[in-house]
Amino acid sequence: MMSNLIDEVYDAITNGGVGFNFKETSLQALKDKIEITGKIQFNQIYEEVQLQDEYSIQILFPTDFPHTIPIVRETSGRIESSADYHNDKEGDGFCLGVPGEINKKIRDNPTFKYFITDIVVPFLYANTFHERYNKYPWPTRGHCSKGIIEYYQSLFKFKDERVTQNFLLNIAFFKNSISGHHLCPCGSGKKFKDCHRNEYTDLIKYHSHRNIQKDVLQIIKDNSEPKDKENLFKERLYTKKWYNLCRHCLRFLIKQNERSVL
Ligand SMILES: [Zn+2]
Ligand SMILES: [Zn+2]
């Protein structure tokens, strides 16, 4: 598997793919990932706007792909490192999308070339578009936990953000919530199997229960700075009950030595 992956990456770097080429690029096989450093050129058209551009990038492509989402960084300082640009140079690099959405895409097409063509190039296209026209070519989700909540809210068709949070917390950390005979944690009063179980079952085919837990922890982590707490309650994004439950779960998980997810 590993050598197939390196072959595929090498081929893409040497010969390019749909709408992209690599230039002045080096490839290094590390223990659990392949590091690709160099320049990527793309030529993409979206709704009649054709853009060509070049970026200096570093890609950390995990050998267990598509199980782990790759990290992509811009290395020349061209893209500002901030939530507005969906770019976190110190940490996870580009925020290429909500984990659930990326996982759905890459599980269906688990190749390096697909990842570049359909995930990395659109990200860079959107950035170039934004530089030129001061807006994004398509609607983008909120950054980090905001985007994650938006994603689940539309997936499960919830109207209320707090319903979404309660539902998520329950399915992530309270086992009874994912038993068909128990009440659905959306609060409808119906049994889980007669309410949101189908959507949940579809989701975990590409986004595991463990991934849902990680998403919930991301939401907690993003919002657990004590100084922001009161504002969050004011904005009614987070109820106190939910927040306290989250803190409880977080402590529980840390005790279980699951620090890797943080
Ligand atoms: Zn973002
Ligand atoms: Zn429900």
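All residue numbers refer to positions counted from 1 along the written sequence of the respective chain. Lettering of chains starts at A and numbering of ligands starts at 1, both following the order in which they are written. Two thresholds apply to this predicted model, a pLDDT of at least 70 for residue-level local features and 80 or more for giving and counting side-chain atom pairs, whereas whole-chain, interface and lining totals are computed over all residues. Only heavy atoms go into the side-chain values, all of them from the structure, while hydrogens and water stay out.

Lay out the environment of Y136 in plain terms, naming residues and giving numbers.
Residue placement: Y136 occurs in the loop between α3 (112-133) and α4 (145-155). Here, two residues are considered to be in contact whenever any of their heavy atoms come within 4.5 Å of each other. In contact with Y136, not counting residues within four places along its chain, are D84, Y85, A126, F129 and H130. Where helices and strands are cited, they refer to DSSP runs of H or I of at least four residues and of E of at least two residues respectively, numbered from the N terminus.

Describe the coordination of the zinc ion (ligand 2), listing the residues and the values that go with them.
Within the protein, the atoms that donate to the zinc ion (ligand 2) are C184 (SG), C186 (SG), C195 (SG) and H196 (ND1), at distances of 2.0 to 2.3 Å. Taken together, the four donor atoms coordinating the zinc ion (ligand 2) and their angles of 104 to 116 degrees define a geometry best described as tetrahedral. Because no water is among the atoms considered, metal sites can look incomplete, with donors defined as N, O and S atoms within 2.8 Å of the metal, or 3.2 Å for Na, K and Ca. Think of it this way: with four donors and all angles in the 85 to 135 degree range, the site is tetrahedral; with four or six donors, opposite ones beyond 155 degrees and the rest between 65 and 115, it is square planar or octahedral; otherwise it is irregular.

Could you give an account of the coordination of the zinc ion (ligand 1), with specific residues and numbers?
Bound to the zinc ion (ligand 1) are the protein donor atoms H86 (ND1), C95 (SG) and H143 (ND1), situated 1.8 to 2.0 Å from the metal. For the zinc ion (ligand 1), the single-chain donor residues occur in sequence as H-x8-C-x47-H. A residue pair is termed long-range when its members are at least 10 positions apart, and H86 in the loop between β4 (71-74) and β5 (87-88) and H143 in the loop between α3 and α4 qualify at 57 residues. On the basis of relative accessibility, which here comes to 12%, the residue H86 falls in the buried class. Each residue gets one of three labels from its accessible area relative to the maximum for its type: buried under 20%, exposed over 50%, partly exposed in between, using a 1.4 Å probe on protein chains only.

Before we move on, can you summarise the confidence of the model for the protein chain with the specific residues and values?
The predictor reports its confidence for every residue as pLDDT, a score running from 0 up to 100. Mean pLDDT over the protein chain stands at 86; residues scoring 70 or higher make up 83%. In the model, residues 257-262 has pLDDT below 50 throughout and makes eleven contacts with residues more than four positions away in sequence or in other chains.

Give a description of the packing of α4 against helix α6 (residues 197-206) that names residues and reports values.
Between α4 and α6, the shortest axis-to-axis distance is 11 Å and the interhelical angle comes to 130 degrees. The angle between α4 and α6 places the two elements in the oblique class. Taken together, the residues of α6 that come into contact with α4 (itself represented by Y151, Y152 and L155) are E199, L203 and Y206. To obtain each axis, a line is fitted to C-alpha atoms, and for helices this fit is confined to the stretch in contact; angles are then taken between N-to-C directions over 0 to 180 degrees. Orientation categories follow fixed angle ranges, with anything under 35 degrees roughly parallel, anything over 145 roughly antiparallel, 65 to 115 roughly perpendicular, and all other angles oblique.

Give a description of the pattern of salt bridges that names residues and reports values.
For this document, the term salt bridge refers to a Lys or Arg side-chain nitrogen within 4 Å of an Asp or Glu carboxyl oxygen. The full count for this structure, using the stated rule, is eleven salt bridges. K113 is paired through a salt bridge with D11; the nearest N and O atoms lie 2.9 Å apart. Of this pair, K113 sits in helix α3 while D11 sits in helix α1 (residues 2-15), placing them 102 residues apart in sequence. Here R141 makes a salt bridge to E150, at a shortest N to O gap of 3.9 Å. We classify R141 as partly exposed; its relative accessible area is 28%. On the accessibility criterion, E150 (33% relative accessible area) is partly exposed. One salt-bridge network, in which partners are shared between bridges, spans D53, R78 and E131.

Could you give me a rundown of the side chain of S177, with the residues and numbers involved?
Within the secondary structure, S177 sits in the loop between α5 (161-173) and α6. Within polar-contact distance, the side chain of S177 engages the backbone oxygen of N170 at 3.3 Å. Nitrogen and oxygen atoms within 3.5 Å of one another constitute a polar contact, given that in protein one can donate a hydrogen and the other can accept it, and given that sequence-neighbouring residues count only through two side-chain atoms.

If you had to explain the environment of C184 to someone new, which residues and values would you point to?
As for its position among the elements, C184 is in the loop between α5 and α6. Assessed through its relative accessible area of 4%, C184 is described here as buried. A C-alpha to C-alpha distance of 9.3 Å links C184 and I171, two positions 13 residues apart in sequence. Apart from residues no more than four positions distant in its own chain, C184 is found in contact with F167, K190, K191, F192, C195 and H196.

Lay out unusual backbone geometry with the relevant residues and their values.
For the bond running from F65 to P66, omega is 5 degrees, close enough to zero to count as cis. Positive phi, normally seen in glycine, also occurs at C144, with a value near 45 degrees. Along the chain, C144 turns up in the loop between α3 and α4. In this structure, K157 takes a positive phi of about 55 degrees despite not being glycine.

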